[in-house]
Amino acid sequence: MSSPNPTTTCLPASGSNVHKVELPENALVLAPTRQLQSLLTIIRDEKTQRGDFVFTSDRIIRLLVEEGLNHLPVISKKVTTPTGKVYDGVAFQGRICGVSIMRAGEAMEAGLRDCCRSVRIGKILIQRDEETYQPKLFYAKLPDDIANRYVLLLDPMLATGGSCIKAIEVLLEHGVEEEKILFLNLIASPEGIQKVCTRFPKLRIITAWVDEGLDSNSYIVPGLGDFGDRYFL
Ligand code: URA
């Protein structure tokens, strides 16, 4: 009789990797399916080369964008199908745009464009001020009519929450309503989620995974290292 192959052990879809944390009401985590866990395993692996990192991250980004779109309002819409029957459906109501937090957030733009073909995309660059050590806005290019849009704010890693909070402040200063902001993110720290969700209770965060925490360099652990370096370099 052949012995069972240890590499084909069937794990439960939500195994010991699922980090149990109390999440604020405005934070949503994708279901920890086997598929999502396997994709995250690839991008977390230090041995994964750039091509696979990009391909696999893009698949997770697509899941996040599709989930984000589920949170936009719809109105009812009837259409007639080629069979002559009426289908009682829905259509999205309201306009959207994407805003990426540079540089890593730019990796999520293509995933948004794949789902929303001619979507407008703005950019925000935030860096740490060398004197105050506080996140500082260096550059913002946003659609003129952003105040009338839902905003999908894009940043793959939510660590301390500093740049995310600064970016949200910039959006609010440009007239965007807090409840119209959806923050899409691959991996979050519990600290970052708490900070952002408490400060902006009407905004919604959609993340693929919540990790254990931060190390002394404010990297997410176990995390995946520097997302921007691994995606772009
Ligand atoms: N940004 C990253 O790219 N990785 C982290 O772990 C934290 C912030």
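The model shown is predicted, which means the values in this text are computed figures rather than measured ones.

Caption draft 1: Here's a closer look at the side chain of Ser-189. Mapping Ser-189 onto the fold places it in the loop between strand E9 (181–188) and helix H5 (190–199). Within the structure, the side chain of Ser-189 is placed 2.6 Å from the backbone oxygen of Ala-159, a separation counted as a polar contact. Beyond its immediate sequence surroundings of up to four residues, Ser-189 is in contact with Leu-158, Ala-159, Val-210, Gly-213, Leu-214 and Ile-220.

Caption draft 2: Region of the structure containing the state of the cysteines. Within the structure shown, the criterion is met by zero disulfides. A disulfide-free cysteine, Cys-164 has its sulfur positioned 8.7 Å from the sulfur of Cys-197, the nearest such atom. For Cys-164, a relative accessible area of 3% gives the class buried. The exposure class assigned to Cys-197 is buried, which follows from its relative accessible area of 3%.

Caption draft 3: Highlighting helix H2 (residues 50–69). Counted at 1.5 Å a residue, the expected span for H2 with its 20 residues is 28 Å, and the 28 Å between its end C-alpha atoms agrees. Along H2, the positions that sit buried rather than exposed are Phe-53, Val-54, Thr-56, Ser-57, Ile-60, Ile-61, Leu-64, Val-65, Gly-68 and Leu-69.

Caption draft 4: Here's a closer look at the pairing of strand E3 (residues 86–92). Examined bridge by bridge, strand E2 (residues 74–80) and E3 share seven bridges and lie antiparallel to one another. In the strand pairing of E3, Val-79 is matched with Tyr-87. Turn length for the E2-E3 hairpin, with the two strands adjacent in sequence and antiparallel, is five residues, and the turn residue Gly-84 shows positive phi of about 85 degrees.

Caption draft 5: How the structure looks around the side chain of Lys-180. Secondary-structure assignment places Lys-180 in the loop between helix H4 (162–173) and E9. When residues no more than four places from it in sequence are discounted, the contact partners of Lys-180 are Asn-148, Arg-149, Tyr-150 and Val-151.

Caption draft 6: A look at a nonpolar patch on the surface. A cluster of nonpolar side chains, Val-74, Val-90 and Phe-92, forms an exposed patch at the surface whose accessible area comes to about 290 Å². Structurally, Val-74 is set in strand E2.

Caption draft 7: Layout of the site of the ligand. The full set of residues close to the ligand is Met-157, Ala-159, Ser-218, Tyr-219, Ile-220, Gly-225, Asp-226 and Phe-227. One nitrogen or oxygen atom from the main chain of Ile-220 is found 2.8 Å from an oxygen atom belonging to the ligand. The contact in question runs from a nitrogen atom of the ligand to an N or O atom on the backbone of Gly-225, over 2.8 Å. Tallied by class, residues from the shell around the ligand come to five nonpolar, two polar and one charged.

Caption draft 8: Region of the structure containing the environment of Ile-61. Examined against the element boundaries, Ile-61 turns out to sit in helix H2. Apart from residues lying up to four places away in sequence, Ile-61 is in contact with Ala-107, Met-108, Gly-111 and Leu-186.

Caption draft 9: Main features of the pattern of salt bridges. Tallied over the full model, the rule gives 13 salt bridges. A salt bridge links Lys-136 to Asp-129, with the shortest nitrogen-to-oxygen separation between them at 3.8 Å. Judged by its relative accessible area of 37%, Lys-136 falls in the partly exposed class. The residue Glu-177 makes a salt bridge to Lys-180 at a minimum N-O spacing of 3.8 Å. Given the relative accessible area of 17%, Lys-180 is considered buried. Through salt bridges that share partners, Arg-95, Asp-145 and Arg-149 make up one connected network.

Caption draft 10: The nonpolar core, seen in detail. Grouped together as the largest cluster of nonpolar side chains are 37 residues, with contacts concentrated most on Ile-60, Ile-96, Leu-112, Leu-152, Leu-186 and Phe-227. Of all the secondary structure elements, the ones that give two or more residues to this core are helix H1 (34–44), H2, strand E7 (149–154), E9, strand E10 (204–210) and helix H6 (227–232). Top contributing element to this core by residue count: H2, with seven residues. Ignoring any residue separated from it by four or fewer positions in sequence, one finds Ile-96 in contact with Leu-69, Leu-72, Cys-116, Val-119, Arg-149, Tyr-150 and Leu-152. Counting 28 residues, the second-largest nonpolar core is a separate cluster that includes Val-99, Cys-164, Val-170 and Val-196.

Criteria and thresholds
Residues numbered from 1 in each chain as written. Predicted model: local features only at pLDDT ≥ 70, side-chain atom pairs only at ≥ 80, totals over all residues. Heavy atoms only, no water. Helix = DSSP H or I, 4+ residues; strand = E, 2+ residues; numbered from the N terminus. Polar contact = N/O pair within 3.5 Å; in protein donor to acceptor, adjacent residues only side chain to side chain. Contact = heavy atoms within 4.5 Å. Disulfide = S-S within 2.5 Å. Buried < 20%, exposed > 50% of the residue type's maximum accessible area, 1.4 Å probe, protein only. Expected span 1.5 Å × (residues − 1). Pairing = 2+ DSSP bridges. Patch = residues over 30% accessible without salt bridge, like charges linked within 9 Å, V, L, I, M, F, W, Y side chains within 5 Å. Areas by Shrake-Rupley, 256 points an atom, 1.4 Å probe, with all protein chains shown as cover. Salt bridge = Lys/Arg side-chain N within 4 Å of Asp/Glu carboxyl O. Near = heavy atom within 4 Å. Nonpolar A, V, L, I, M, F, W, Y, C, P; charged D, E, K, R; others polar. Core = buried A, V, L, I, M, F, W, Y, C linked by side-chain atoms within 4.5 Å.

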